[in-house]
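Structural overview for review
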Amino acid sequence: MVFSLVPASVGQRYFQRLSNDVQQVHVVAVDIAPETGLTFNEQEQILCGQPLTIGQYALVIYYQLIIENQYSTIKTSHSQLIINPDPRSLWKNIPSNNQEIYAKPDSRSQSLHNAHYKILAASQRGRSHAHKGQFREDDFFIAQGENWQLAIVADGAGSAQYSRYGSWLICQTMGSFLTQILSRPIPVDRQDINLELKGALAEAICAIEHEAQHQQTPVKDYASTVLIVLCYFDNQKKEYVYWTVAIGDGAIALYSPQTQQVSLLNMPDSGDYAGETRFLSDSNFMQAPITNYCTKEFVPCLLMTDGVSDAFFDSDNALNCDQAWQYLWQYLQQHQALDDDKNLLSCLDFWSKGNHDDRTLVVILEK
């Protein structure tokens, strides 16, 4: 009798029931090398454990046939088990070239605090870029004042050679423009915020066009998505207003840990073809949807590029699922990622099969 064993992988829990589709059998014992890290549980009839070492291992399986509830004499079968490397160990982590034009750190984090609120931000280069020594294409900007918090994230296009700078330039230009407006002694009127957000987008486009002209390269070389959240407390109406702008993919949401409910503030902005992502450009910024959401109580806000959202939400519909956001929130809490920006950066190094893009996440919280 031949026992077929599913290949194992180092570091990934292994669970294989030893059974046969043709005849009923009872496995008595399994001889297997201890360096595999696997053992046989006779009661459960399973081979299980945490594989330790790659290789091809010979097994001797001792079993009995069960015929009409009668057990035969102990028989012997020889089998093989292949233990593959941990997929994570195959990824290289090559530093990007800090001598190249537009060089920037492979990861970055920042935190801001005042008496009532804090903003945590982290951006981690994805494994797909680290494996080739390429740059992190994501970026972010955060700022806050007495009654407002601002967060911007951008995801540079993988096909654009200078998108790493495009994402940075968009964040810094828009962030500086809006911070200056919001920091004026006279509060910004709610009706004017829409215009100021449009103005910030226009400033970002002008900055990209100026840089492209300076480098004598096409504007599309700086292509990037952009997501913006401005949380503003209206003293007159005693309510919080969350203004959002979204061009491209990624997610913006309010998640209440108390009610475990989510309010999604954007839907991924796609292009004209399946799988196409839209990027900030002079032809679409005036049509960029600017929305606002009002609430009497402050609700934590999460802003992320698709490197995070794709790993936790397997579809656009899942972005509306309270349970999916609850899982993300619990993951962040379990890793103390909501305590400080260094923990947030560390937890972005999670493993998700097939999801190896840059990851950027900003969280606005009450202290």
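Read on for a plain summary of the structure. Numbers given to residues run from 1 along each chain, matching the order in which its sequence is written. Where totals are concerned, whole chains, interfaces and linings use all residues; where local detail is concerned, this predicted model gives features only for residues with pLDDT of at least 70, and gives and counts side-chain atom pairs only at 80 or more. Excluded from the side-chain calculations are hydrogens and water; all other atoms, namely the structure's heavy atoms, are used.

1. Here we look at the overall build of the protein
Runs of E in the DSSP output that reach at least two residues are strands. Runs of H or I that reach at least four are helices, and both are numbered from the N terminus. A tally of regular secondary structure across the protein gives 6 helices and 19 strands. Whereas a compact globule of 367 residues would reach a radius of gyration of roughly 21 Å, the protein reaches 27 Å, over 25% beyond that. With the C-alpha coordinates of the protein rotated into their principal frame, the extents come out at 90 × 50 × 40 Å. A buried classification covers 51% of the 367 residues belonging to the protein. Every residue pair with non-hydrogen atoms within 4.5 Å of one another is taken to be in contact. Partitioning the contacts of the protein with sequence separation of at least 6, the portion at a separation of at least 24 is 68%. Only carbon and sulfur atoms are counted for the fraction: they give 47% of the accessible area of the protein, which is about 18,400 Å². Within the protein, one finds 25 positive and 41 negative side-chain charges whose respective centroids are separated by 3 Å. Two things to know: the radius of gyration comes from C-alpha atoms, and the globule rule equals 2.2 Å times the number of residues to the power 0.38. Here's how the labels work: a residue is buried when its accessible area is under 20% of the maximum for its type, exposed when over 50%, partly exposed in between, all with a 1.4 Å probe on protein chains only. Each accessible area value is a Shrake-Rupley result obtained with a 1.4 Å probe; residue values ignore everything except the protein chains displayed when judging cover. Under the convention used here, Asp and Glu are negative, Lys and Arg are positive, and both His and the chain ends fall outside the count. For charged residues, the charge sits on one atom: NZ in Lys, CZ in Arg, CG in Asp, CD in Glu.

2. What about the sheet that holds strand β18 (residues 301–304)?
Pairing between sheet strands relies on hydrogen bonds along the backbone, with the strands arranged either parallel or antiparallel. Here 6 strands make up an open sheet; going across it, the order is β9-β10-β19-β18-β15-β16 and the pairing antiparallel. Of all strands in the sheet, those bounded by a partner on one side alone are β9 (107–113) and β16 (261–264). Between one strand axis and the next, the sheet turns by 15° as a mean value, whatever way the strands run. Pairing between strands is defined by DSSP: at least two bridges between them are needed. Alignment of strand β15 (residues 251–256) against β18, held across 4 bridges, turns out to be antiparallel. The angle between two axes is taken between their N-to-C directions and runs from 0 to 180 degrees, where each axis is a line fitted to C-alpha atoms and a helix contributes only its stretch in contact.

3. Brief notes about the pattern of salt bridges
In what follows, salt bridge is the name for a side-chain nitrogen of Lys or Arg lying within 4 Å of a carboxyl oxygen of Asp or Glu. The full count for this structure, using the stated rule, is 7 salt bridges. In this structure, Asp349 engages Arg127 in a salt bridge whose closest nitrogen and oxygen atoms are separated by 3.5 Å. Of this pair, Asp349 sits in the loop between α6 (341–347) and β19 (359–366) while Arg127 sits in helix α1 (residues 127–130), and the two are 222 residues apart along the sequence. Asp349 sits in the partly exposed class, given a relative accessible area of 46%. Asp341 is the partner of Lys342 in a salt bridge, and the nearest nitrogen-oxygen pair spans 3.9 Å. On the basis of relative accessibility, which here comes to 54%, the residue Lys342 falls in the exposed class. Overlapping salt bridges bring together Lys104, Arg108 and Asp139 as one network.

4. Focus: the sheet that holds strand β4 (residues 38–41)
In spatial order, the strands read β2-β5-β4; together these 3 strands make up an open sheet with antiparallel pairing. For this open sheet the edge positions go to β2 (14–17) and β4, each flanked by a neighbour on one side alone. Between one strand axis and the next, the sheet turns through 20° on average, direction left out of account. Both β4 and strand β5 (residues 46–49) contribute to a ladder of 4 bridges, which runs antiparallel. In the sheet register, Leu38 faces β5, and the bridge partner there is Gly49.

5. Here we look at the pairing of strand β12 (residues 148–155)
Across the 8 residues of β12, 8 count as buried, placing the element largely inside the fold. The alternating pattern of β12 places Trp148, Leu150, Ile152 and Ala154 on one face and Gln149, Ala151, Val153 and Asp155 on the opposite face, and all of these are buried. Once strand β11 (residues 138–144) ends, the chain turns through 3 residues before running back antiparallel as β12.

6. A word on the pairing of β18
By the alternation rule, side chains of β18 split into Cys301 and Leu303 and Leu302 and Met304, which are all buried. Here β18 pairs with β19 via 4 bridges, running antiparallel. Looking at the pairing, Met304 lines up with Leu361 of β19.

7. Some words on the side chain of His26
Locating His26 in the fold gives a position in strand β3 (residues 25–31). Pairs of N or O atoms are called polar contacts if they sit within 3.5 Å, as long as, within protein, a hydrogen donor faces a hydrogen acceptor (for residues adjacent in sequence, only side-chain-to-side-chain pairs). At 3.0 Å, the side chain of His26 forms a polar contact with the side chain of Glu42. Those residues in contact with His26 that sit more than four places away from it in its chain are Glu42, Gln45, Tyr62, Tyr63, Gln64, Ile66 and Tyr71.

8. Looking at the environment of Ala324
In this structure, Ala324 sits in helix α5 (residues 322–334). Taking the C-alpha atoms as reference, Ala324 lies 32 Å from Lys132; in sequence the two are 192 residues apart. Beyond its immediate stretch of four places on either side in the chain, Ala324 contacts Phe312, Phe313 and Ala318.

9. Focus on the packing of aromatic side chains
Aromatic rings from Phe, Tyr and Trp, with only the six-membered ring used for Trp, were paired whenever their centres fell within 6.5 Å, and each pair was classed as stacked if the ring planes differed by under 30 degrees, edge-to-face if by over 60, and tilted otherwise. Taken as a whole and assessed by the stated rule, the structure comprises 19 aromatic pairs. Residues Tyr232 and Trp243 carry aromatic rings whose centres are separated by 6.2 Å and whose planes lie at 70° to one another, so their mutual orientation is edge-to-face. Of this pair, Tyr232 sits in strand β13 (residues 226–234) while Trp243 sits in strand β14 (residues 239–247), and the two are 11 residues apart along the sequence. Of the two residues, Tyr232 and Trp243, neither departs from the other in class, the shared state being buried. Ring geometry for Phe312 versus Tyr331: centroids 5.6 Å apart, planes at 55°, classification tilted. Here Phe312 is found in helix α4 (residues 306–312), whereas its partner Tyr331 is found in helix α5, with 19 residues between them in sequence. Residue Phe312 shares its accessibility class with Tyr331, and that shared class is buried. Following the ring pairs from residue to residue traces out a cluster consisting of Tyr102, Tyr162, Tyr165, Trp168 and Tyr222. One Lys or Arg, Arg108, reaches over the ring of Phe140 and ends 3.9 Å from the middle of that ring. Whether a charge sits over a ring comes down to the Lys NZ or Arg CZ being within 6 Å of the ring centre and within 35 degrees of the ring normal.

Keep in mind these values describe shape, not function.
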